[in-house]
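Below, each chain spelled out in residue letters.
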Amino acid sequence: MKQKVYNLIILDESGSMEAIAQQAVSGLNETLQTIQTAQKEHEDQEHYITFVTFNSSRIKTIFDRERVDTKEKMKWNDFAPDNCTPLFDAMGQSLSKLREIAEEKDVVLVTIITDGMENASREYSGTAIKEMVANLRKRGWVFVYIGTNQDVDAVANDMGINFRLSFDYSATGTDVMFKKAKGGMKGFFSKLADCCSTSFADEDDYDFFAEE
């Protein structure tokens, strides 16, 4: 029986992302290809992608638990940065929806990418998100927080996320960040294939971004 792997990617689409929009689109599409390659390399895994973009005008689901098809490239180019950063609402809504679908035995990897701090949520508070993350981590969900223009360690700590990466707010910095993120994913999926569960992610010597 194949192991279901849900890949939830939450990407900031606020106005400040405009300066690195081209790199964000390119990097995200390469990330989708990384997941498709993992599906091809690990036949015992069954990968699904949920991809969400957010700003204060909309929280948009681009792919909703879409089954990875290794024969056809997944592509995305509808990125229009604008307005503010309702990070907590984007996380809360996306996590709640996936929580209703994913079973206890399923693997969930959540990747959050943002160039700014929360400043526009109305539905979820920081406290609510921290509690949600803690409960989902107990179920074996793995969270990765990637940010710039902020104290990434402090923000990740406030949400209870142990894997985090700070990147330079520039075209080059964004390219480097996506390369590290893709490397981390590749290593994560390989380790998952060996371990058959995400228990390794709780080990002190495991570093998501060192798994390149």
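Residues numbered from 1 in each chain as written. Predicted model: local features only at pLDDT ≥ 70, side-chain atom pairs only at ≥ 80, totals over all residues. Heavy atoms only, no water.

*Asks:* Please give an account of the side chain of T53 that cites residues and values.
*Replies:* Here T53 lies in strand β2 (residues 45-54). Take T53: its relative accessible area is 0%, and that puts it in the buried class. Here E13 takes part through its side chain, which lies 3.0 Å from a polar atom of the side chain of T53. Apart from the residues within four sequence positions on either side, T53 is in contact with L11, E13, R58, I59, K60, I62 and W76. (Helix = DSSP H or I, 4+ residues; strand = E, 2+ residues; numbered from the N terminus. Buried < 20%, exposed > 50% of the residue type's maximum accessible area, 1.4 Å probe, protein only. Polar contact = N/O pair within 3.5 Å; in protein donor to acceptor, adjacent residues only side chain to side chain. Contact = heavy atoms within 4.5 Å.)

*Asks:* Explain the sheet that holds strand β3 (residues 59-67) residue by residue, including any values.
*Replies:* Read from one edge of the open sheet, six strands run β3-β2-β1-β4-β5-β6, paired in mixed fashion. Of all the strands in the sheet, the pair left with one neighbour each is β3 and β6 (163-166). Direction aside, neighbouring strands of the sheet carry axes that sit 10° apart on average. The pairing of strand β5 (residues 142-147) with β6 spans four bridges and is classified as parallel. Residue Y145 lies in a different strand from β6, and its bridge partner there is R164. Packed on one face of the sheet, helix α2 (residues 87-99) meets β1 (3-12), β2, β3, β4 (107-114) and β5 and runs near 165° to β1. (Pairing = 2+ DSSP bridges. Axes fitted to C-alpha atoms, helices over the stretch in contact; angles between N-to-C directions.)

*Asks:* Explain helix α4 (residues 152-159) residue by residue, including any values.
*Replies:* Inspection of α4 places V152, V155, A156 and M159 among the buried residues, and these make up the whole buried set. Seen along its axis, α4 keeps its buried residues to an arc of 95°; they face one direction. The inward-facing, buried residues of α4 contact α2, α3 (126-138), β5 and β6. (Arc of directions from axis to C-beta.)

*Asks:* Describe a negative patch on the surface, naming the residues involved and giving the relevant values.
*Replies:* A grouping of D202, E203, D204 and D205 is seen on the molecular surface, where their side chains present a negatively charged patch. For E203, the location among the structural elements is in the segment after α5 (171-195). For E203, a relative accessible area of 43% corresponds to the partly exposed category. (Patch = residues over 30% accessible without salt bridge, like charges linked within 9 Å, V, L, I, M, F, W, Y side chains within 5 Å. Areas by Shrake-Rupley, 256 points an atom, 1.4 Å probe, with all protein chains shown as cover. Salt bridge = Lys/Arg side-chain N within 4 Å of Asp/Glu carboxyl O. Lys, Arg positive; Asp, Glu negative; His and termini not counted. Charge placed at Lys NZ, Arg CZ, Asp CG, Glu CD.)

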